[in-house]
Amino acid sequence: MEMQLPPHEGDELSVVDMHTGGEPLRIIHSGYPEVKGDSVLSKRRYVREHLDHLRRVLMFEPRGHYDMYGALVVDSELPEADLGVLFMHNEGYSTMCGHAVIALGRFAVDYKLVKEPQSPEPSVPAFTFATDVTVSVEKFGDVTVDISYGGAFYAFVDAKRFGLDVTTSRTRDLVDAATAVTNAVKSQVKLHHPSSDDLAFLYGTILTDGKDDYSSDPTANMCVFAEAQVDRSPTGSGVTARVALQYHRGLIQLNQTRTFQSGATGSQFTGRAVEETKCGDFKAVVVEVSGRAFYTGVSRYVQEPEDKLTHGFLLK
């Protein structure tokens, strides 16, 4: 028997669920109102100001969970682009997401959203913003961090500084340490991006195993981003930023491939710097990240008018 939608108010929201390295991606396929704006960044501002209730509907419980991640397919202002995407999470909207791009690549081909599949294109120019920056971190004192950009800004620090291991320590302890670093950097370091002020914010902190010297062995990390959200994958934009940082320090050369492992799930991405470039006055590299994405389901979500929890909630 075909399942019918229950009585509801408003449009249904149709989604396709995937994961890349364990990190979920809920692709919103239809049901959103028109997203206005003449660029992806202006569309991002529009959904934040006018449609944020729908982010909460799909990311929060009871339809989602604290660590849910989403992607809204929109039109792109670029004539050569087949589609644009807005990324969302428990706190709001990010500017770049590697694990989501990997999943969206497969989704776009399978759902015939691209006119003609072509070989993969690398990510945005990635650069090191600052190295050996000392910040005062609550409960931990002075901590030295590096800050790098791979589509979003991240602070990097060896987990051993907190007596932790990214693969064996309790997730709660890793989250607490990373969140404390994020809060410190946000309050003590002013970021800027050559292209747009909309990009000049710290997305999160990535704790590493400290193994930044080039090796054929995997190096592990854990990313805590947005509002203490834990990435189950090695973090695509984080890998991009980490490769840029390693290249800046002379620890990796062009076209040397490194394997990055998630401290949460053990899943792996590979990353390599394929060419030098510039981003404003910053010396930058173009980074190529590889991983695999898989489907987990297809759903249609509705809102009943008498449901007092229809707009979602989070347990922290």
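The present account deals with the structure reproduced in this document. (Residues numbered from 1 in each chain as written. Predicted model: local features only at pLDDT ≥ 70, side-chain atom pairs only at ≥ 80, totals over all residues. Heavy atoms only, no water.)

**A few points about empty space enclosed by the protein**
With a probe scaled to a water molecule rolled over the atoms, the places where space remains empty come into view. Applied cut-off: Think of a 1 Å grid over just the protein atoms. A cavity is a set of points where a 1.4 Å probe fits yet cannot get out, a pocket is an open set with protein on both sides within 12 Å along at least five of seven lines, and lining residues have an atom within 4 Å of a point. Grid points are joined across faces, edges and corners, and a volume is the space filled by probe spheres set on the points. Each helix is a run of H or I in the DSSP string that is no shorter than four residues. Each strand is a run of E no shorter than two, and both are numbered from the N terminus. Side-chain classes are defined by residue name, with Ala, Val, Leu, Ile, Met, Phe, Trp, Tyr, Cys and Pro counting as nonpolar, Asp, Glu, Lys and Arg as charged, and the others, Gly among them, as polar.
The final tally for this structure, using the stated rule, is one cavity of 30 Å³ or more. By volume, the largest cavity is sized at about 80 Å³. Mapped by element, the contributors of at least two residues to the lining of the largest cavity are helix 3 (98–110), strand 10 (219–225) and helix 5 (236–248). Considered class by class, the residues forming the lining of the largest cavity number seven nonpolar, five polar and one charged.

**Remarks on the layout of surface pockets**
Its boundaries defined by the atoms lining it, the largest pocket holds a volume of some 2,000 Å³. What lines the largest pocket is a set of 49 residues, and nearest its centre among them are Ala-81, Leu-83, Val-101, Glu-121 and Pro-122. Elements with a contribution of two residues or more to the lining of the largest pocket: helix 1 (40–50), strand 4 (84–88), helix 3, helix 5 and strand 14 (282–290). The biggest single contributor to the lining of the largest pocket is helix 3, with eight residues. A per-class count over the lining of the largest pocket returns 25 nonpolar, 14 polar and 10 charged.

**A look at the packing of aromatic side chains**
How we decide: Paired rings are identified among Phe, Tyr and Trp, the last through its six-membered ring, by centres lying within 6.5 Å, and are further divided according to the angle between planes into stacked (under 30 degrees), edge-to-face (over 60) and tilted (the rest). A ring is considered to have a charge above it if a Lys NZ or an Arg CZ atom is located within 6 Å of its centre and within 35 degrees of its normal.
With the rule as written, the count across this model stands at 14 aromatic pairs. In this structure an aromatic cluster arises from ring pairing among Tyr-69, Phe-87, Tyr-154, Phe-156, Phe-201, Tyr-203 and Phe-225. Positioned over the ring face of Tyr-93 is Arg-55, at 5.7 Å from the centre of the ring.

**Topic: the pairing of strand 1 (residues 9–20)**
Each regular strand displays side chains that alternate between the two surfaces of the sheet. Selection criterion: Should DSSP find at least two bridges between two strands, the strands are regarded as paired.
The pairing of strand 1 with strand 15 (residues 293–303) spans nine bridges and is classified as antiparallel. Residue pairing in the sheet places Met-18 in a bridge with Tyr-295 of strand 15. As judged from the seven bridges shared by strand 1 and strand 2 (residues 23–30), these two strands associate in the antiparallel manner. When the bridges of strand 2 are listed, Met-18 appears paired with Leu-25. Taking the residues between adjacent antiparallel strands as the criterion, strand 1 and strand 2 are bridged by two residues, where Gly-21 takes a positive phi near 60°.

**Topic: unusual backbone geometry**
Cis geometry marks the peptide bond from Glu-61 to Pro-62; its omega dihedral reads 5°. Note on placement: Pro-62 falls in the loop between helix 2 (52–59) and strand 3 (70–74). Positive phi, close to 55°, is recorded for Asp-132, a residue that is not glycine. Mapped onto the fold, Asp-132 is located in strand 6 (residues 125–137). The phi torsion at Lys-139 lies on the positive side, around 75°, for a residue other than glycine.

**Some points on the environment of Asp-165**
Heads up, the condition is: Under the rule applied, a polar contact is a pair of N or O atoms within 3.5 Å (in protein, one hydrogen donor and one hydrogen acceptor; residues adjacent in sequence only if both atoms are side-chain atoms).
Mapped onto the elements, Asp-165 comes out in the loop between strand 8 (153–158) and helix 4 (171–188). A C-alpha to C-alpha distance of 8.8 Å links Asp-165 and Leu-207, two positions 42 residues apart in sequence. A polar side-chain atom of Asp-165 sits 2.6 Å from a polar atom in the side chain of Thr-167. A polar side-chain atom of Asp-165 sits 3.2 Å from the main-chain amide nitrogen of Thr-168.

**Considerations on the pattern of salt bridges**
We apply this condition: Each reported salt bridge corresponds to a side-chain nitrogen of Lys or Arg within 4 Å of a carboxyl oxygen of Asp or Glu.
Overall, the coordinates contain 16 salt bridges when judged by the stated rule. Measuring nitrogen to oxygen at the nearest pair gives 2.3 Å for the salt bridge that ties Arg-45 to Asp-198. One end of the pair, Arg-45, is in helix 1; the other, Asp-198, is in the loop between helix 4 and strand 9 (202–208), and 153 residues separate them in sequence. A salt bridge links Asp-146 to Arg-249, with the shortest nitrogen-to-oxygen separation between them at 2.9 Å.

**Description of helix 3**
We count it as follows: The span expected for a helix works out to 1.5 Å for each residue beyond the first. With a 1.4 Å probe rolled over the protein chains alone, any residue whose accessible area is under 20% of its type maximum counts as buried; one over 50% counts as exposed, and the rest are partly exposed.
End to end, helix 3 covers 19 Å across 13 residues, agreeing with the expected 18 Å (1.5 Å per residue, within 8%). Among the residues of helix 3, Gly-98, His-99, Ala-100, Ile-102, Ala-103, Leu-104, Phe-107 and Ala-108 are the ones counted as buried. One or two residues past the end of helix 3 sits Lys-112, with phi positive at roughly 60°.

**Topic: the nonpolar core**
Proteins that are soluble and globular tend to have nonpolar side chains buried together. So the rule is basically this: Put simply, buried Ala, Val, Leu, Ile, Met, Phe, Trp, Tyr and Cys residues joined by side-chain atoms within 4.5 Å make one nonpolar core. By the convention used here, residues are in contact when the closest approach between their heavy atoms is within 4.5 Å.
Core analysis: the biggest nonpolar cluster contains 37 residues, and Phe-129, Val-145 and Val-185 have the highest contact counts within it. Looking at this core, the elements that each hand over two or more residues are strand 6, strand 7 (141–149), strand 8, helix 4, strand 9, strand 10 and strand 14. Other than its neighbours up to four places away in sequence, Phe-129 contacts Ile-147, Ser-148, Phe-153, Val-189, Lys-190, Leu-191, His-192 and Phe-282. In terms of nonpolar packing, the next biggest core, distinct from the first, is built from 34 residues, Met-18, Ala-71, Leu-245 and Val-285 among them.

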